[in-house]
Structure formats: C-alpha cells, structure tokens
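# Close look at the chain arrangement
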Amino acid sequence: MTQKRNNRLLNTKLNKYIIPGIMMSLALQLGNIVDTIFVSNLIGVDAMAAVTMSLPVETVIQLVGYCLGVGGSIAAGIMLGRRDKETASKLFSATLTVTLIVGIIFSVAAFFTADPIAKALVSDGGVLMHYTRDYILVSMLGAPVIGVGLLMVNYLGAENHPELASAYLIAANVINLVLDYIFLRYTPMGIKGAALSTVLGFLLAMVIFILYIRSDKRNLSFVILKAKDFVILKEAIVTGIPMLVFMATNFVKALGLNLIIMRLIGEVGMAVFTVCDNVLMIVEMLTGGIIGVIPNVAGILYGEKDFVGIHVLCKKMLKYSYIVLALVFVCIMAFTEQITILFGSGGGELGAQMVSALRLFAFCAAPYLWNKFMVSYYESIEETSIASFVTLLENAVVLLPVTFVGIFVWKQIDGIGINGIAISFVITEFLTVIAANIYRKIKYKESTFYIITEQNPGINLDFSIKSRLEESKDVHRKIKEFCIENNVSGSRANLAAVCAEEMTVNIIKFGGKSSNWIDINLCLEEDILNLRIRDNGVNFNPLEYKNDSEEFDIHGIELVKKISKSMNYIRAIDMNNTIISF
C-alpha cells in the first residue's frame with residue numbers, strides 16, 4: 001500500500017469533536033454531582049445517601065434511552081458510512097418511538113411502585129427510606145423526558161452535531177443547577193425538588209433540538225413505521241449490547257454495593273463511598289468526553305473500511321485523555337480535604353476517613369480510563385463480546401466479591417473497613433485490564449490490540465493534497481501510476497484519473513474558505529476500484545447536482561456520474577465523503 005495521507009483533515013475534524021465531547025460528558029455527569037452537593041449541604045448527609053441509594057432505579061430509568069441511543073447511533077453511523085440513509089432513518093425512528101413508549105410506562109408505574117421499591121432498598125424504614133422514595137417517585141415520572149434526551153444526545157454526536165449535543169446537556173444542567181438552588185432553598189419540596197430540577201432541565205433544554213431539525217447537515221429523519229419495520233431494532237440492540245451489559249451490571253453494582261457497604265459498615269460507609277463515586281464521575285466528565293469521540297466517529301470510519309483513520313482516532317484520543325487524567329489526579333491529591341468538605345463532610349473523624357479513602361481510590365482512575373477506552377473502541381468495530389466482557393468484570397463479577405473481601409479484610413486491620421472500599425476499586429480495575437487482554441488473545445490469537453489491520457483492506461493509494469489548483473495536477477498522474485503498477489486496465493485507470501481530477505478541481509473551486517485539505521483514496525479490492533474523496537468544504541452533495549454550470553469543463557459532475565459504475569455521497573464527521581466505483 002502507498003501511504004502518503006497526512007491525516008491533517010481528519011485531525012482537524014477530531015479536534016472539533018473533542019471540546020463538545022468534553023462539555024457533553026461534563027454536562028451529563030454534572031447533574032448527579034450537583035444534586036449530591038446541594039442535597040448534602042442544604043438537606044443533610046442522609047439525603048445525600050438517599051441519592052446514591054436511588055441509583056439502581058435511576059439506572060433502570062436510563063436503560064432504554066441510553067442503550068438504544070448508544071447502540072442505535074453506532075449502528076446508524078456504520079449504515080451512513082455505507083451510504084444507507086434510508087435504513088439509518090428507520091433505525092432512528094424505531095429507537096425514538098420505543099424509548100418514548102417505555103418512558104410513559106415508567107411514569108404510570110411510579111405511583112404504584114416507588115414506595116415498595118424504596119422499602120426494598122432501605123429496610124429500616126427510617127428517614128433514609130422516605131428520602132429515597134421521594135427521589136425515586138419524581139425520577140420515574142420524568143422517565144420519558146430523560147430517556148428521549150439521552151437517546152438524542154447520542155444520535156447528535158454521530159450526526160455531525162456534537163456541538164448541539166453538548167449544548168443540550170449544558171443547558172439542561174444549568175437549568176438543573178438554578179432550579180436545585182431555588183427548590184431546595186426556598187420551597188418545602190425537599191429532595192423531591194432535586195429530582196424535579198433534573199427532569200425540568202432535560203425537558204426545557206429540548207428547544208435546542210429545533211436547530212438539529214432545521215440543519216442541512218442532518219442525514220437522519222423521523223419516518224412513520226409499520227409494525228414489521230421495528231425488527232430493525234435488533235441492529236441497535238446487537239451494537240448496544242456492551243451498553244446494555246453496562247447498564248444491567250451497573251444496576252447490580254449499585255444494588256450490591258449498597259447492600260455490602262450498609263451491612264458491613266453502615267451509613268458512614270455509604271457517605272464515604274458517595275464522595276468517592278462522585279469524584280470518579282468528575283474523572284468521567286473530563287476524560288469520558290474525549291474517549292466518547294471514538295464511538296461517534298469510529299463507527300463511520302469502520303463502515304468506510306478506513307482502518308488507518310481508526311488508528312489515528314484512537315491514538316489521539318488516548319493521548320489527550322491521559323494528559324487530562326494526569327492533571328485531574330494531581331488536583332485530587334493536592335485538594336483532597338477541600339473536595340470532601342465540598343460534599344458536606346464537615347471535617348472531624350468522618351472527614352479524615354473520606355480523605356484517606358479518596359486518596360487511595362484515586363489510583364483506580366488510570367486503569368478505569370483504559371477499560372472505558374476498550375469498551376468504546378471494541379463496540380465501535382462490532383467486537384461486542386470483548387466490550388461486554390470488560391463491562392461485566394468491571395461492574396459486577398470482579399467488583400462485588402472483591403469489595404466484600406476488601407472491606408472484611410480492612411475491617412480486621414483498622415476496625416472500620418472504609419479504606420477497603422477504595423482498595424477494592426483499584427484491584428478491580430487492574431484485574432479487568434489483565435483479564436480483557438487474556439480474553440482477546442484467546443479469541444484472536446494472532447491479532448494486535450486493535451484487531452483490525454493497521455492498513456486499509458485491499459491495495460490502496462492513499463494521499464492528501466492542499467486545496468490548491470496547482471496540486472490538483474498531480475492527482476491524475478498519481479492515480480494513473482498506481483493503476484499501471486497494479487495491472488488495472490487502461491480504460492478503468494483513465495476513468496478513475498479523470499473523475500478524481502474533476503472532483504478535486506470542483507472542491508478547490510467551490511469548497512469555500514473552510515476547505516484546506518483533500519484526502520484521496522483509491523482502493524483495489526476484489527476487482528472493484530473504489531475512489532473515495534473527503535474534504536471539509538461547504539456542504540455539497542454531487543448526487544443532487546443536476547446541470548453543470550458554464551464554469552465547469554467537459555469533465556463535469558454529470559459526466560462523472562455517467563462514466564462511473566456507482567456514486568455515493570454522505571456528509572459524515574462534518575466532511576463531504578464521496579465514493580465512486582469503477
């Protein structure tokens with residue numbers, strides 16, 4: 001393979017995704033953290049523990065919207081990478097419809113199930129149980145709003161609009177922040193106000209979706225489906241299995257940890273764990289947004305069989321993620337006491353225990369980030385079994401028994417056992433990294449970590465040019481030389497060279513100021529010659545172009561359509577992507 005692509009075009013677009021990705025992750029996690037801080041300081045530590053006790057129910061509420069959103073957006077991205085807009089739109093419509101229906105069912109069930117669920121989670125029937133019941137009731141009533149919001153956030157990220165996804169979550173959490181303070185400080189709603197502010201934030205921020213509906217970059221549209229059309233949901237479910245496993249094991253994790261900590265340590269242990277868990281959410285906020293770029297982009301690259309681009313994507317995201325993580329780790333170690341006070345520790349013995357546990361807990365962040373990367377990457381290339389394996393170990397199979405043993409052993413050492421919680425998380429993350437590596441080597445004995453090859457399938461000519469007319473002159477020559485080297489017939493070689501030069505010249509002339517680099521790939525695979533051209537110019541679909549203007553010469557777009565076997569276009573990763581086959 002001739003590899004001369006400089007990847008500047010892809011890198012430019014990846015940089016565009018990173019900041020919205022961080023902001024989206026920050027906003028997604030911020031709601032829980034804000035609720036915890038306000039509740040602990042304005043109501044009390046028992047109410048803060050109630051928010052954590054409600055996590056199993058919160059997980060179930062988010063399950064459908066988040067799983068179908070992640071699985072559906074990745075599957076739709078792969079479909080768009082293969083230029084199948086119609087099927088991708090059907091998948092989007094099916095996942096949106098099901099999410100809304102399931103959310104309505106949760107809302108109706110809230111009136112009958114909130115109390116018994118709270119009693120099952122908190123057996124003593126005291127203040128903690130009442131707080132938990134109130135929080136669960138309002139959260140279940142808001143299930144349709146939360147579900148649709150989470151679903152749309154995932155689709156926006158894969159649909160050329162990461163900035164709208166982050167804007168929606170930022171707006172939702174700003175509203176949540178303001179309403180939290182108002183409801184908890186100036187109304188008698190108590191913990192119900194904390195849950196209600198979250199629901200209203202998600203609801204009121206949905207006005208941002210209007211910008212997506214009106215966007216000319218949108219590939220997906222809502223279509224009315226027949227009953228038989230809902231079979232397409234299997235695409236979202238299969239691709240979203242790792243997320244489904246994550247949500248299911250997260251439910252088991254929350255339930256199991258609540259039970260273990262309450263039984264072995266009590267409410268003090270629950271308060272300490274809540275602080276540690278919220279600090280992990282802060283790590284997730286800052287690094288998860290960077291890693292989260294991978295499923296948004298890799299699915300489309302995988303659908304296009306651009307394995308080179310996938311390697312560039314992963315290495316860049318990992319580099320940025322660990323730089324951010326290093327800074328976060330230093331801050332946690334330097335300001336541990338201040339962090340615990342922020343969550344209402346009040347100093348004293350409880351504060352000292354929180355500080356000690358949090359400093360130990362921070363060491364799980366590095367392997368945690370690597371495990372998150374593995375899940376995001378493997379589900380994007382349809383290796384869901386490895387992603388699910390990592391999730392299962394990390395959230396249940398390893399974590400729960402290790403936590404039980406860790407608390408028990410540490411309790412023999414200091415009579416308290418709180419540090420055992422922190423040590424257990426560190427051990428779990430490292431064991432998961434090791435086990436996942438062993439599992440991959442067993443399943444793919446000769447493969448590298450990435451499983452896919454470092455180069456694209458087939459025989460490829462892969463190069464980049466600047467958007468300058470003088471550079472377009474080399475396109476014809478390079479393609480002809482490649483075809484001669486690989487015994488491509490003269491007629492097909494001429495067709496490919498003429499089409500590439502003509503499309504390139506059109507991009508340079510009419511791509512606008514944003515067009516600075518053009519990536520050209522010519523792939524010979526199974527006797528099919530595919531020409532892929534990417535540019536970051538203005539949104540332009542050559543398939544919708546009907547008549548050449550006088551500015552085009554005889555090799556106009558209409559001629560390209562006639563002399564090629566097929567021509568496909570999509571606006572993906574905010575770039576024009578055209579594939580022409582010969």
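Residues numbered from 1 in each chain as written. Predicted model: local features only at pLDDT ≥ 70, side-chain atom pairs only at ≥ 80, totals over all residues. Heavy atoms only, no water.

## Re helix α16 (residues 348-361)
Across its 14 residues, α16 extends 20 Å between first and last C-alpha, which sits within 8% of the 20 Å expected from 1.5 Å per residue. Buried residues of α16: Gly-351, Gln-353, Met-354, Val-355, Ala-357, Leu-358 and Phe-361, and no others. Taken together, the buried residues of α16 touch α12 (267-291), α14 (307-334), α15 (336-342), α17 (365-380) and α20 (418-443). (Helix = DSSP H or I, 4+ residues; strand = E, 2+ residues; numbered from the N terminus. Expected span 1.5 Å × (residues − 1). Buried < 20%, exposed > 50% of the residue type's maximum accessible area, 1.4 Å probe, protein only. Contact = heavy atoms within 4.5 Å.)

## Some words on the packing of helix α13 (residues 293-303) against α17
Where α13 contacts α17, the two axes come as close as 8 Å, and the packing angle between them is 30 degrees. By the angle between their axes, α13 is roughly parallel relative to α17. α13 and α17 meet at a crossing whose hand is right-handed. Seen from α13, the contacting residues are Ile-294, Pro-295, Ala-298, Gly-299 and Tyr-302; seen from α17, they are Phe-373, Ser-376, Tyr-377, Glu-379 and Ser-380. (Axes fitted to C-alpha atoms, helices over the stretch in contact; angles between N-to-C directions. Parallel < 35°, antiparallel > 145°, perpendicular 65-115°, else oblique. Left-handed = near helix turned anticlockwise from the far one by under 90°.)

## Brief notes about the pairing of strand β6 (residues 575-581)
Taken residue by residue, a regular strand's side chains alternate between the two faces of the sheet. The buried fraction of β6 amounts to 7 of the 7 residues, a majority that puts the element mostly inside the structure. The side-chain alternation of β6 yields two buried faces, one formed by Met-575, Asn-577, Ile-579 and Ser-581 and the other by Asn-576, Thr-578 and Ile-580. Counted along the chain from strand β5 (residues 566-572) to the antiparallel partner β6, the turn is 2 residues long, and its residue Ile-573 has a positive phi close to 55 degrees. (Pairing = 2+ DSSP bridges.)

## Focus on a nonpolar patch on the surface
Nonpolar side chains collect at one region of the surface, where Leu-42, Ile-170, Val-174, Leu-177, Val-178, Tyr-181, Ile-182 and Tyr-186 lie side by side and expose about 670 Å² of accessible area between them. Relative to the assigned elements, Tyr-186 resides in helix α7 (residues 162-186). Take Tyr-186: its relative accessible area is 60%, and that puts it in the exposed class. (Patch = residues over 30% accessible without salt bridge, like charges linked within 9 Å, V, L, I, M, F, W, Y side chains within 5 Å. Areas by Shrake-Rupley, 256 points an atom, 1.4 Å probe, with all protein chains shown as cover. Salt bridge = Lys/Arg side-chain N within 4 Å of Asp/Glu carboxyl O.)

## Side note on the pattern of salt bridges
Counting across every chain of the model gives 11 salt bridges. Measuring nitrogen to oxygen at the nearest pair gives 2.7 Å for the salt bridge that ties Arg-534 to Asp-306. Taken as a pair, Arg-534 in strand β4 (residues 528-535) and Asp-306 in the loop between α13 and α14 lie far apart in primary sequence, 228 residues in all. Residue classification places Arg-534 among the buried residues on the basis of a relative accessible area of 1%. For Asp-306, a relative accessible area of 0% corresponds to the buried category. Bridged by salt links that share partners, the residues Asp-115, Lys-119, Arg-133 and Asp-134 form one connected network.

## With respect to the packing of α13 against α14
It is the contact of α13 with α14, at a shortest axis distance of 9 Å, that shows an interaxial angle of 170 degrees. By the angle between their directions, the pair α13 and α14 is classed as roughly antiparallel. Residues Val-293, Ile-294, Val-297, Ala-298, Leu-301 and Tyr-302 of α13 form the contact with α14, whose own contacting residues are Phe-307, Gly-309, Ile-310, Leu-313, Cys-314 and Met-317. Considered class by class, the residues forming the contact of α13 with α14 number 11 nonpolar, 1 polar and no charged. (Nonpolar A, V, L, I, M, F, W, Y, C, P; charged D, E, K, R; others polar.)

## Section: the nonpolar core
For soluble globular proteins, nonpolar side chains are generally found buried alongside one another. In terms of nonpolar packing, the biggest core is built from 148 residues, with Ile-310, Leu-313, Phe-373, Tyr-377 and Tyr-378 touching the most fellow members. Those residues within four positions of Tyr-377 in sequence are excluded, and the remaining contacts are Ile-294, Ile-310, Cys-314, Phe-449, Tyr-450 and Ile-452. Membership of the second largest hydrophobic core comes to 27 residues, among which are Ala-496, Met-503, Ile-508 and Phe-582. (Core = buried A, V, L, I, M, F, W, Y, C linked by side-chain atoms within 4.5 Å.)

## Focus on unusual backbone geometry
Of note in this structure, Lys-305 is not a glycine but carries a positive phi near 60 degrees. In this structure, Lys-305 sits in the loop between α13 and α14. The class of Lys-305 is partly exposed, set by a relative accessible area of 41%. Although it is not a glycine, Glu-382 sits at a positive phi angle of roughly 65 degrees. Along the chain, the position of Glu-382 falls in the loop between α17 and α18 (384-397). For Glu-382, a relative accessible area of 40% translates into the label partly exposed.

## A look at the pairing of β4
Burial analysis of β4 places 6 of its 8 residues in the buried class, which makes it a mostly covered element. In this structure, strand β3 (residues 517-525) lies alongside β4, joined through 8 bridges in antiparallel fashion. In the sheet register, Ile-520 faces β4, and the bridge partner there is Ile-533. Hairpin connection, β3 to β4: the antiparallel pair is bridged by 2 residues, and Glu-526 has positive phi, about 55 degrees. With 6 bridges connecting them, β4 and β6 associate as antiparallel partners. The residue bridging Asn-530 from the neighbouring strand is Ser-581, located in β6.

## Observations concerning the side chain of Asn-576
In this structure, Asn-576 sits in strand β6. The buried category is assigned to Asn-576, whose relative accessible area is 3%. At 2.4 Å, the side chain of Asn-576 forms a polar contact with the side chain of Tyr-569. Every residue in contact with Asn-576, bar those within four places of it in the chain, is listed here: Ile-533, Arg-534, Asp-535, Gly-537, Val-538, Asn-539, Phe-540, Tyr-569, Ile-570 and Arg-571. (Polar contact = N/O pair within 3.5 Å; in protein donor to acceptor, adjacent residues only side chain to side chain.)

## A word on the confidence of the model for the protein
Fine structural detail should not be taken from predicted coordinates in areas where pLDDT scores are low. Looking at the protein as a whole, its pLDDT mean stands at 83, while 92% of the residues score no less than 70. Taken element by element, the protein is modelled with least confidence in strand β1 (residues 2-4), mean pLDDT 55, and with most confidence in α20, mean pLDDT 93. (pLDDT = per-residue confidence, 0-100.)

## Description of the packing of aromatic side chains
Summed over all chains, the structure comprises 18 aromatic pairs. Note on Phe-92 and Tyr-155: the rings are 5.0 Å apart at their centroids and 80 degrees apart in plane angle, and the pair reads as edge-to-face. Taken together, the positions of Phe-92 in helix α4 (residues 85-121) and Tyr-155 in helix α6 (residues 143-158) put the pair 63 residues apart, joining distant regions of the chain. Look at Tyr-155 and you get buried, because its relative accessible area is 1%. Taken together, a centroid distance of 5.9 Å and an interplanar angle of 75 degrees make the contact between Tyr-181 and Tyr-186 edge-to-face. (Phe/Tyr/Trp six-rings, centres within 6.5 Å; stacked < 30°, edge-to-face > 60°.)

## A closer look at the environment of Val-297
As for its placement among the helices and strands, Val-297 is situated in helix α13. What makes Val-297 buried here is its relative accessible area of 0%. On a C-alpha basis, the gap between Val-297 and Leu-141 in space is 34 Å, while along the polypeptide they are 156 residues apart.

## Quick notes on the environment of Val-279
Secondary-structure assignment places Val-279 in helix α12. For Val-279 and Ala-118, which are 161 residues apart along the polypeptide, the C-alpha to C-alpha distance reads 25 Å. With residues up to four places along the chain from it excluded, the contact list for Val-279 reads Ile-332, Ile-339 and Leu-358.

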